[in-house]
Structures are given as C-alpha cells and as structure tokens.
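# Structural overview
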Number of protein chains: 2
Amino acid sequence: MAAEASSIRFGILGCADIARKLSRAITLAPNAELYAVASRSIEKAKAFASSNGFPPHAKIYGSYESLLDDPEIDAVYLPLPTSLHLRWAVLAAQKKKHILIEKPVALNASEFDAILQACESSGVQIMDGTMWMHHPRTAAMRDFLSDSDLFGQLKSIHATFTFAANPDFLNNDIRVKPDLDALGALGDAGWYCVRSVLWTANYELPKTVVALRGAILNDAGVILACGASLHWEDGKVATFHCSFLSNLTMDVTAIGTKGTLHVNDFVIPFQEHEAYFSAATKSGFSELVTGWVPQPSKHVITVDLPQEVRMVREFSNLVGAIKKGSKPDTKWPTLSRKTQLVLDAVKASVDKGFEPVEVGY
Amino acid sequence: MAAEASSIRFGILGCADIARKLSRAITLAPNAELYAVASRSIEKAKAFASSNGFPPHAKIYGSYESLLDDPEIDAVYLPLPTSLHLRWAVLAAQKKKHILIEKPVALNASEFDAILQACESSGVQIMDGTMWMHHPRTAAMRDFLSDSDLFGQLKSIHATFTFAANPDFLNNDIRVKPDLDALGALGDAGWYCVRSVLWTANYELPKTVVALRGAILNDAGVILACGASLHWEDGKVATFHCSFLSNLTMDVTAIGTKGTLHVNDFVIPFQEHEAYFSAATKSGFSELVTGWVPQPSKHVITVDLPQEVRMVREFSNLVGAIKKGSKPDTKWPTLSRKTQLVLDAVKASVDKGFEPVEVGY
C-alpha cells in the first residue's frame, strides 16, 4: 500500500521474530511506513529488511543508537528482550521517538514508570503491542459486556493462554532466560491473560492477587507455568493460567449475572479474515431440564484489516495528532501500567510462596 | 415403553422437582419400571404419580417407611435434601433396596461411609445421580483425553457451573438452608465441577485443595458461590467456580501437553438429541502467526437415549445382575466417595479462611 504523505515513519529496533509480523502490519497500515531497521549486526538488519518488504530506500542500521539518531524517524517498534526495555525505551523517548513497545512493557512497574517519565518529558506516545485489543471483535465483545440487560453485573472471569514450547525454545528462547525475559511465561502468555481479565473488568484493578500453588519454574528460576486468582472488593473473582508446557489454548470466559461470554482464540483469532465469540443471555432450561432455552449464540465479526494493522493505524493516528499539536494519549500507557502492576503482584505472590499480595497502584 | 419381565421396580422417595425428570427416565429405560412413589403427604404423592406417567397400578405411599417396606420394590430413587440422606439411604439399604441417590451423596464423606457400610452389609447397589457421566459424549471425550498422541499428558483443568437463582430460590430453596442442603452451591453446582475435574484426571484424587478467597455465603452461612484450586503431586492443577449468582454456565476445559478439550454444556447438553465438544490437537500458528493451524475441531455425538435414561438403564443393569447373583459394582460408589472427599476439603478450606487442605482418603 502506498504510504500517504502524512505517514508515520517507523524504525524497528532488533530483528525479533515478532518484528516480521509488525513489518507486514506497518506495510499494510494506511498511515505508516517502514523506514528503517537496526540490529547489532548490519548484515542481519539487511537480511531482515530484504525479506520483510522494506522499500529499497529503507535505512539499515548496525546499532540501535544510530537508528535513534535518525531525525527522519517518527516512531520505533521495540521488540527487544524485556530486560532491555528500560534502557532503549528511555533513550528512544529522549530522542523524541514515539514508541510501540512489546509486552511485557518492563520487568516491573517501577521500570515502566521510568519509561513513562521519559515519554512524558519528551511528549512522545507509548503504546504496548497487545494486538487483540485492536480487533473489531474486541469492541463487539465490549458492547456485550457493557449491556446491563444482556450481561448484567460481572461476577467471574477465567483466562488461559498456554502453548507447547519445543525443546529448543525451553532451552534457548529469551523467554526462559533470567537475564532477558525474567518474567517467563507470566510476562509472555500471562500478560495476555492479565490484560484480558482487566479488559473484562473494565480496567478496574483487583485488590488482591494470590498465585496458585504449583507454579513451574526452570532451573534458572524463570516461570514456565503459573496461575493466579484475582479478587476485587465487590466480590468479583478471576482466575488465569499461563504456560509454555501445554497445547496452544487461548480462552476468556466472563460470567455476569445475566450473561456469559466465551472466546477461545482471544489473542490470535483462528482465522485472519473473521472471528467469532459466543454470547449467552438469561440462559435457562427447557421443561424437565432436558436442554437449554435459550442457547448461546455465535457472533461472527468480519475483519477489514488484521488486528496488528489496526494497532499500527491507531498508534500512527495518535502520533500524527501529536505532530499536529495534540498531547499524547494516556489511555494506552495506563492500560500497560495496570497490566504490569498485576503481573508484579502475581510474581510477588509466587516468590512469597503463594501468599496473597495487594496490587500496587 | 413396555416394561420387560426383568424390569427393575423403582420406588421414588419424595416429590422433588428432579424426580419428575427421573420418572420420565425410568419410564423410558428399557429395563426399569415406575412402581411406587412416597411423600409425607399422600395427596402430594398421588398428584405426582398422576402427572408423571406412573401406570394405573402404581403404589402411592404416604410415608417413606411404608414404601421401603414394600417387598415388590427393587430400588429407590432418593432425591431428598442432603441432610436426610444418611437416615433414609441407610434404612433403604437395610430394607434391601438398591439406591439411586441424588448428589451430593451426603453432608460429608463419613456420613457417606455409613451409607456405604449399610449398602455393603445388605449387598445392595448404590449409584449417584450424576447424569452426564452416562452421556455418550462423555465416553467420546474420554477417548480423546486418553489418547496419548492426541491429548498427551493432562496439565490443567478448569470447570464452571453457575446459574442465576431467582429470589424465591435464594430465600426458600432447600439448597440455601443449613439444615437441609448445608453444602449450598458447593454441594449442588460444585458437585458437578468437582466430578468433572476428577473425571478429567481419571479419578486420581488431588493432594491439596485451596478454596479461592471471596466465597459468598448467605446469612445462615450457606455457600452461594465459591471456587477452589486443586493440586496433584505431578504438577497438574485444576480450578473450578460454582455459583447460584451468575448466568447459567457449564464449562469444562482440559489442557494436555498435546491437546485441548472444551465443552460448554457438560451437565445438561444444549440439546437432548445431540451434543458436541471441541477438541484441538498439536495446535500451532500459520506463518506470521496470523491464524491457527490446525484449528480445533467440533465433534458431534448423536444421542440414542437421554443421559438420565442411560443412567437408569446402567443402574438397572447392575441391579439385575445382582438379582442373578453378581456382587454390587464398586466403581460408582467409589466415584461418589471421591467427589465427596474433595467437596469436604473445599468446604474445610473455606471454613479455615482459604488455607490449603489435604484431601482425605
């Protein structure tokens, strides 16, 4: 797609696998442009650019610093290991680059606060890379959850994100290394679970978190599987389970006084061109309890642009507005921070032997 | 359906609502016969018999004792409030009646052990009324879970059974009364959750149970909503949530190293004539993680006889075999007892302020 005159110029910091998907998304977004890529190895950066649809005039950098010094670049996509987020996000902000940052946004909320501080000082936008938030299905599910007649008051949530990592991943991936992605499965799959729980609860933070016993850690102490229950003052309860050790599963179930929502592919929809969820309202039984009346219904949403393209478009819209004088949006970084606060509490509960932990603020 | 010569003659103790469904099931089962009903009010028993397809020659009793004294009756269906199970199940066994008993089977495992003792002394069969165990879908799901190539090793389970009780139920139903069904939502909806978890785990008892914080009790101390996590020594983990305060929801999700099972109507299938479940195996992503390959598949099972009819048929087969000299089956009472043991542990954990409780044996 031809970039518009007002397209936001993206530089990509690092050649992570996920950056391939984002490169395609930037290419497909109507208001974004693949402009540069940096790797510590210029050869790797060149190879990445040539195999991921970068235009011929794209800039190739052999260091992150040099990309950040390019004044033509509006925004960076930052898929580096989490332990590097603080350093590179802060520097990017100082260099006046808007930041699309992968999850988990930091090793903990206080690191993220330092990043937020740098963004605020420089007046740059930050948004995390939680793609499913931008899927049109997510908005349709929100409509259902917000309907007091169809869904009622939220009572419980259950979220799951597991996948079966192969032996190479379990030995070598950055997500099992304490010096790279120290939060392991909690920071990766668990991030999505926690975000989905917060999303369902309309971003109201739980008061207390209790990690479930039996969290599985590798020899280096990195979480490979864990779960938690989350508790709100009004009695709402959520549970989640995340793991690198089980078959790919991505569930969110939300139950209200009047309705039930099921989605089984919340992070990555089964198919790109359409997605569905199941909604039930005032479910009851037939005479003699031999069936359900009414039965849940399936809601199919057609997708105009893939969720990651919509994410890039939304981010680029915000950046474009800032370039015209608007202030950075605060909704997205607030969601990132709340998610990180809950992750921190779950991690603390695991570390404390599954004791209840109050969620920070 | 005309009763066969070898049909098992049933007497029904009490006119509970669920007894209407069981009366139909006994009528439809090829080897069972509706023979008698007892209520403390003979008028109520008469009305029940005439509106639930009892044959004209059916016996109507104005007390449970007199029904139990009828030598023509082979078996009783016992849907009385849980607090009455010990007394009436023991007396039924002493009167040599085989027993189909509603869940929860007793107020606790030691009461159930007294019932089992009486059954053993009299050589009578006991089976609980967990209908979904007898659905052909349950067998099909077992095939999937047992397949080491398709499902692999079980890692986690989540079960939910909630329904939105109306104000009359919440004020007056036996399931909210401490002197009748003292286990409340845990004994009712929670029974099914716990059974489904045990079923998924091939009846291996968890070692430890931790009730989730935020259990909701009524003024009389009866549980209206609660949940728990269950933990096995091999690292398997299960969570469940049961409630009288949320929209009707009946989920079981089982995740193995290679496969995932979803069923959203496990207790009462959406429709009587067919039922389905979703199975996923070796789920992965397409190139660039834009969809799932393969996607989960839907398995539809056609139903020859409703699950409760199959339950009555199975029970009657066992009784028929005993009448021909076989010993009572031990599988079914063992499942009842294991379910009760886990309920007891959850209840104890709630009572102890959500401390971990070891499951009895």
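Chain A carries the name Glucose-fructose oxidoreductase, bacterial in an unreviewed UniProt entry, which gives Trema orientale as its organism. In its Sequence similarities (unreviewed entry) section, the UniProt entry covering chain A states "Belongs to the Gfo/Idh/MocA family."

### Notes on the UniProt feature "domain: GFO/IDH/MocA-like oxidoreductase" (unreviewed entry) in chain A
Residues annotated by UniProt as "domain: GFO/IDH/MocA-like oxidoreductase" (unreviewed entry) correspond here to residues 147-261 of chain A. For residues 147-261 of chain A, helix accounts for 19% and strand for 42%, while the C-alpha atoms at its two ends are 12 Å apart.

### Concerning the relation of the copies chain A and chain B
After a rotation of 180° and a shift along the axis of 0.0 Å, chain A superposes on chain B with an RMSD of 0.0 Å. On this basis, the relationship between the two copies can be described by a two-fold rotation axis. If distances are taken from each C-alpha of chain A to the rotation axis, the shortest is found for A:Thr239, at 3.9 Å. Most of the interface of chain A is mirrored in chain B: 100% of its interface residues are interface residues there too.

### Considerations on the sheet that holds strand β6 (residues 126-128) of chain A
Residues and elements named next belong to chain A. In spatial order, the strands read β3-β2-β1-β4-β5-β6; together these six strands make up an open sheet with parallel pairing. The outermost strands of the open sheet, each flanked by one partner alone, are β3 (59-61) and β6. Each adjacent strand pair in this sheet contributes to an overall mean axis angle of 25°, direction not counted. Strand direction decides the pairing type here: strand β5 (residues 98-101) and β6, joined by three bridges, are parallel. When the sheet's bridge partners are listed, Ile99 is paired in β6 with Ile126.

### Things to note about the packing of aromatic side chains
Tallied over the full model, the rule gives 28 aromatic pairs over all chains. Judged by centre distance (6.4 Å) and plane angle (85°), the rings of B:Phe285 and B:Trp292 are edge-to-face. Taking relative accessible area as the criterion, B:Phe285 reaches 32% and is therefore assigned partly exposed. You can call B:Trp292 buried: its relative accessible area is 4%. Through a chain of ring-to-ring contacts, three or more aromatic side chains come together here, namely A:Phe161, A:Phe163, A:Phe169, A:Tyr192 and A:Phe244. Between A:Arg142 and the ring centre of A:Trp199, over which it is positioned, the NZ or CZ distance is 4.6 Å. Positioned above the aromatic ring of B:Tyr276 is the side chain of B:Lys298, whose terminal nitrogen or guanidinium carbon lies 4.1 Å from the ring centre.

### A look at the interface of chain A and chain B
At the junction of the two partners, chain A supplies 55 residues and chain B supplies 55 residues. Interface area for chain A against chain B, summed over the two sides, is near 4,500 Å², with a carbon-plus-sulfur share of 62%. Among the residues chain A hides against chain B, the three largest losses belong to A:Asn247, A:Phe270 and A:Trp292. Together they make up 16% of the total. Where chain A touches chain B, the interface holds two salt bridges. The closest approach of N and O atoms between B:Glu287 and A:Arg20, which form a salt bridge, is 2.4 Å. Listed by contribution, the elements that provide at least two residues to the side of chain A that touches chain B are α1 (17-28), β7 (154-164), β10 (223-231), β11 (237-243), β12 (245-256), β13 (259-263) and β14 (274-281) of chain A. Among the residues forming the side of chain A that touches chain B, the class breakdown is 18 nonpolar, 25 polar and twelve charged.

### A short note on the sheet that holds strand β1 (residues 8-13) of chain B
Residue and element names in this part refer to chain B. With parallel pairing, six strands are arranged side by side in an open sheet as β3-β2-β1-β4-β5-β6. The sheet is open, and its two edges are formed by β3 (59-61) and β6 (126-128), each paired on a single side. Looking at each pair of strands side by side, their axes are set apart by 25° on average, direction ignored. The pairing of β1 with strand β2 (residues 32-38) spans six bridges and is parallel.

Definitions and cut-offs
- Residues numbered from 1 in each chain as written.
- Chains lettered and ligands numbered in written order.
- Predicted model: local features only at pLDDT ≥ 70, side-chain atom pairs only at ≥ 80, totals over all residues.
- Heavy atoms only, no water.
- UniProt positions renumbered as here; feature names shortened; annotations may be inferred.
- Helix = DSSP H or I, 4+ residues; strand = E, 2+ residues; numbered from the N terminus.
- Least-squares fit on C-alpha atoms with pLDDT ≥ 70 in both.
- Contact = heavy atoms within 4.5 Å.
- Pairing = 2+ DSSP bridges.
- Axes fitted to C-alpha atoms, helices over the stretch in contact; angles between N-to-C directions.
- Phe/Tyr/Trp six-rings, centres within 6.5 Å; stacked < 30°, edge-to-face > 60°.
- Buried < 20%, exposed > 50% of the residue type's maximum accessible area, 1.4 Å probe, protein only.
- Lys NZ or Arg CZ within 6 Å of the ring centre and 35° of its normal.
- Buried area = accessible area lost by both parts, 1.4 Å probe.
- Salt bridge = Lys/Arg side-chain N within 4 Å of Asp/Glu carboxyl O.
- Nonpolar A, V, L, I, M, F, W, Y, C, P; charged D, E, K, R; others polar.

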